Every structure is written in structure tokens, then in C-alpha cells.
Amino acid sequence: MKFSYKILLCTMITLAVAFGIGGYVFVNDVFKASLDRETGQAMDESSILRFAFETAALNIPSKYHMLQNSVIEEIGANLEKSGQVTGRLLRISDEERQVLYASEGFVEDTELLNHIQEKTRVYQILHPDEEHYYIQTGMRITTLDRVLYLETLRDVTPVYGERTRGFAVYRNLTLLILVLSSVFLFFIASWLTRPIRLLTQAARKMTAGDYSYRAEQISGDEMGQLTCDFNHMANALEENICKLQEEVRAREDFIAAFSHELKTPLTAVIGYADLLRTRKLDEEKHFLSANYIYTEGKRLEAMSLRLLDIIVTKRYSLDAQETKAELMFEYLRDMYGGHEEHPLVFQYDPGVIRAEVNLLKTVLLNLVDNACKASEEGSRVEILGEKREEGYWFAVKDYGVGIPPEEVRKITEAFYMVDKSRSRSHNGAGLGLALCAEILKLHESELVITSVLGEGSCFGFLIPYGEVKE
Ligand code: ADP
């Protein structure tokens, strides 16, 4: 069942129960008040009758100073006449509770008559048949040495009729209100549950693959907050899915590139090995073939070592130490001291950094190597160190071939080479920058690459300062 229908149903049930109980209490209360009023009037009437009876008995001359039964009947008949307008009936009984006089239509019931002894004034509600209701009163009259019992009967059927009518009116009114309010409540329930419908729609669209779909926020209440949170969750989900897709793509690219990088040297190695195996070659060709197998084998070895480095670095937990930044530059100066093809220009600030020295050296060596490979002979390579607000800035700048802007983003991916033949001729396999990126990730840093095609490139990164900032 729809949520809006549930709200509607619950409200309708609550309303029906509330109206039912309220109506019953109200009508019954009115009825009780009417019945009490009728009872009071019946009791008053019976008191007046007793008084009238006693007065009449005293005024009738009696031969034996005792009230004769015939006189009682006569008084009863007279009293009866006076009550004909109101429809009141009466019954008079003697000491033995034998009826002396009874109006026509007075009930046969003697239960109340038997109780009069105990109390002087009693009453009861009589319901002799399906339709009629009466208030029967009874009291004792003591006059002229006689003890008599006077009973009256007052018709209260209209009061009960009013109650039945009251219930019917209330029931019809309740039904009418429920029908009208159900229409009204239907629209309210639909309006209240609209945010839920919008959320469901958004969830379905997203399940169908439309991750950019967002639920419309139409209120500022809890439902609006829920929609807002749902949309935030959808944003995070979309981001993660994009990341996952990117990772899958990168992995597929990696496998494709890896197999390609393996295939080329292996084909050459197998070809030359087969040549050596099947033919008798002269000494020079024999040497060239064996040399090719050796160099390609070496390239494969270097590639597998680099890959191993990357995998190990990915799982490595950093053991950072405080060290002077100048030591890095001195190390590079020592390493490239005899380098005549590319004059290295050093320019750096002193400073204390927090890093794993060997890993940082690997990054710098790779960057300087790449810069040298990308530059013409004699072109200078600048190695810079600068103290910045965010950390110590290392940069390697060259004036070489540069990188096309659309390739800059990809060159840190494994096996990616801008110019494959050029890289391979330098024994590269597109793994150096991937390793640098992994090492910098360990230092919570990243490579910042700026490059202009044909003019040169600058590879820089930040390393956090040590505790003692020099
Ligand atoms: P490789 O082992 O091939 O040098 P890298 O990951 O170090 O692999 O570099 C990836 C590619 O990025 C290189 O093949 C090269 O084309 C390009 N590259 C790297 N550094 C530079 C640079 N300073 N100038 C121009 N191109 C560069």
C-alpha cells in the first residue's frame, strides 16, 4: 500500500474513532439530562398526586371513619381525569398490594410495588415492548388508618426516540465529514509525500545508471533535509564511481601497455636467438645478434625492477626523517659532476625538510635524467630549491622539447611515453614518473608540471618542513 494511502487510512480511522466516541458521549449526555429531567418531573408529579389524594380523602365524609375501597377507586378515577392531558397513568393498591384502581393501559408489572415498603419513594424505567419506555414511580400514602400504594406511569418514549435520532444524525454527519475530509486529506497526504516520490524517482534513475540525476528539494523541513543529504550522498557516490571507473581504465591501460612493452623486446630476443640457433653467422653478425639479445634483456630487467619499485612503493609506509635540503642538491652535484652534455645550474635556499632521503633522491635523479634526455646537448638544466609558505619547493627546469598540453596529465601514468622511439632510444619504458608520483604520494605531495612545447618544462613538488624550520 502506498505511503500516502497509509497516512490517509490512519487519519480516517483516527477521525472515525474520535467522532464515534465524541458523538456517543455527547448524545448520551444530552439523553441522560433529558431523562433526569423527566424523572424529576415524574417524581414531582407523584408527590402532587399523593397530596391531592390525601386532601380528597380528608374531604370525603366517611361513615366508618375509615377509607372505603370504593372511595379510593372514586378518588383514583377523579385524579386520573386530571392527568389525562399529560397522558399520565396511575395505580392505587391496598395494604395487601391488591390493586384497587388502575388506569387503563397501566402495566401489569408489580416489581416496583413490592419495593415501596422499604423506601417511601421509588422509581424505575420500564420497557414493556419494543417501542415504549415509561418512568414508573411508587410511594406510600398513609391516610385515615389506611396504608396505600400510589404508582404513576409517565411515557418517556420521545426521550428515547430523541436519543436514537441523535445517534442517527451524528452518524450521518460523521460519515459526511469523513467523506469530505478524505478528499481533502488525500491531497494533503499526496502533497506531504511528494518529496518521497521525488527521492524514489531519483534513486530509480541512479540505479538505471544516470548518476548525475539529483532529487529536487521542495521543502525546508526534515524531508527537505533528507533530500539534501540524499543529494550529497549521490555526489559522493558519483565521485567514487568516477574514481573507480578511472582506476579500472588505468588498470586496463596499464595491462595493455605492459604487454606491449614486453612484446617488442621479446619478439626481438626470440628472433635473434632463433637466428643464432638455426644459422651459422659470421663473427660480426653473431656479436650483433648476441648484443641485441643482451641489451633488450637488460631493458626488460630494468623495466621489471622499476615495476617492482612502483609496487613496493605503493605498499610502503614512509620512514621520514628530518634532513637539510642542501644535502639533496649536494648529492645531485656529486652525481652529475662530470656531466658535460648538460651544464647543471643549482640555485637553492637552505632549509630543513621532513622526508625519506633515499626516496627523495630517486625522484630528483629521475627528474634530472628526464630533463637531460629532453634537452639538446649543451642546453642547461636548472635545479632549484625555494622556501615557500606551504613547504620546501624542489624544481627541475629544462629548455628542451617540452610536452604537448594534452599529454601533461598522462605522463605520470605507467608506460606512458610522449615520444616512444625517443624514450626507448634512451632505454626508457615510461615508468620513471609513475614511480616519482608514488613516492611523492607517500610524502603527501604531488608533481606539478608546467611545460611549453618546444621551449622546455619544469617539474616541481613540495616537501613538508621539519620541526626546526631553519
Ligand atoms: P621514461 O623512463 O620513458 O623517461 P618517464 O616516466 O620518466 O619514463 O617519463 C615519461 C615520458 O614523459 C617520457 O617518455 C617523456 O616523453 C616525457 N618526459 C618526461 N620528462 C620530460 C621532460 N623534462 N621534457 C619532456 N618530456 C618529458
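Residues numbered from 1 in each chain as written. Predicted model: local features only at pLDDT ≥ 70, side-chain atom pairs only at ≥ 80, totals over all residues. Heavy atoms only, no water.

Draft legend 1. Molecular detail of the site of the ligand. The ligand sits among 22 residues. The nearest are N370, D398, S423, G430 and L433. Take G430: an N or O atom from its main chain is 3.1 Å from an oxygen atom of the ligand. When isolated, the ligand has an accessible area of 530 Å², and the protein chains bury 93% of it. In this structure, the ligand is accommodated by the second largest pocket. Among the secondary structure elements, those contributing two or more residues to the shell around the ligand are α9 (357-374), α12 (432-442) and β12 (456-463). Looking at the shell around the ligand element by element, the count peaks at 4 residues for α9. (Near = heavy atom within 4 Å. Polar contact = N/O pair within 3.5 Å; in protein donor to acceptor, adjacent residues only side chain to side chain. Areas by Shrake-Rupley, 256 points an atom, 1.4 Å probe, with all protein chains shown as cover. 1 Å grid on protein atoms, 1.4 Å probe; cavity = no way out; pocket = protein on both sides within 12 Å on 5 of 7 lines; lining within 4 Å. Sits in = over half its atoms within 2 Å of the grid points. Helix = DSSP H or I, 4+ residues; strand = E, 2+ residues; numbered from the N terminus.)

Draft legend 2. Quick look at the pattern of salt bridges. For the coordinates displayed, the defined rule picks out 14 salt bridges. Of the charged contacts in the structure, one is a salt bridge between E246 and R249, with a shortest N-O distance of 3.0 Å. In this pair, E246 and R249 are both assigned in helix α6 (residues 222-278), 3 residues apart and thus about one turn of the helix distant. Residue E246 is classed as partly exposed on the basis of its relative accessible area, which comes to 39%. For D274, the salt bridge goes to R277, with nearest N and O atoms at 2.6 Å. Of this pair, D274 and R277 both sit in helix α6, 3 residues apart, which is roughly one turn of the helix. Each member of the salt-bridge network shares a partner with another, and the members are E246, R249, D253 and E413. (Salt bridge = Lys/Arg side-chain N within 4 Å of Asp/Glu carboxyl O. Buried < 20%, exposed > 50% of the residue type's maximum accessible area, 1.4 Å probe, protein only.)

Draft legend 3. Geometry of the sheet that holds β12. Strand order in this open sheet of 5 strands is β7-β9-β10-β12-β11, and the pairing throughout is mixed. Each end of this open sheet is capped by a strand with a single partner; those strands are β7 (344-348) and β11 (448-452). Pairs of neighbouring strands in the sheet enclose a mean axial angle of 10°, with direction left out of account. Of the pairings in the sheet, the one linking β11 to β12 comprises 5 bridges and is antiparallel in character. Opposite V448, over in β12, you have G460 as the bridge partner. (Pairing = 2+ DSSP bridges. Axes fitted to C-alpha atoms, helices over the stretch in contact; angles between N-to-C directions.)

Draft legend 4. Seen up close, the sheet that holds strand β3 (residues 121-126). One open sheet accounts for 5 strands, arranged β2-β1-β5-β4-β3; its pairing is antiparallel. Where the open sheet ends on each side, the last strands, each with one partner, are β2 (99-102) and β3. Ignoring strand direction, the axes of neighbouring strands in this sheet form an average angle of 20°. Packed on one face of the sheet, helix α1 (residues 3-59) meets β1 (89-93), β3, β4 (134-143) and β5 (146-155) and runs near 30° to β4. Against the sheet, helix α2 (residues 69-82) contacts β1, β2 and β5, and its axis sits at roughly 20° relative to β2. (Contact = heavy atoms within 4.5 Å.)

Draft legend 5. Here's a closer look at the domain arrangement of the chain. What the domain assignment reports for the chain is domain 1 (3-164), domain 2 (214-315) and domain 3 (318-463). Of note, the centres of domain 1 and domain 2, computed from C-alpha atoms alone, are 106 Å apart. (Domains from an automatic or database assignment.)

Draft legend 6. Structural context of a nonpolar patch on the surface. Together, M1, Y5, L9, I13, V17, I21, Y24, V25, V183, F186 and F187 make up an exposed nonpolar region whose accessible area comes to about 1,100 Å². Sorting the residues of the nonpolar patch by element identifies α1 and α4 (157-192) as the ones contributing at least two each. With 7 residues, the top contributor of residues to the nonpolar patch is α1. By the element assignment, Y5 lies in helix α1. We classify Y5 as partly exposed; its relative accessible area is 37%. (Patch = residues over 30% accessible without salt bridge, like charges linked within 9 Å, V, L, I, M, F, W, Y side chains within 5 Å.)

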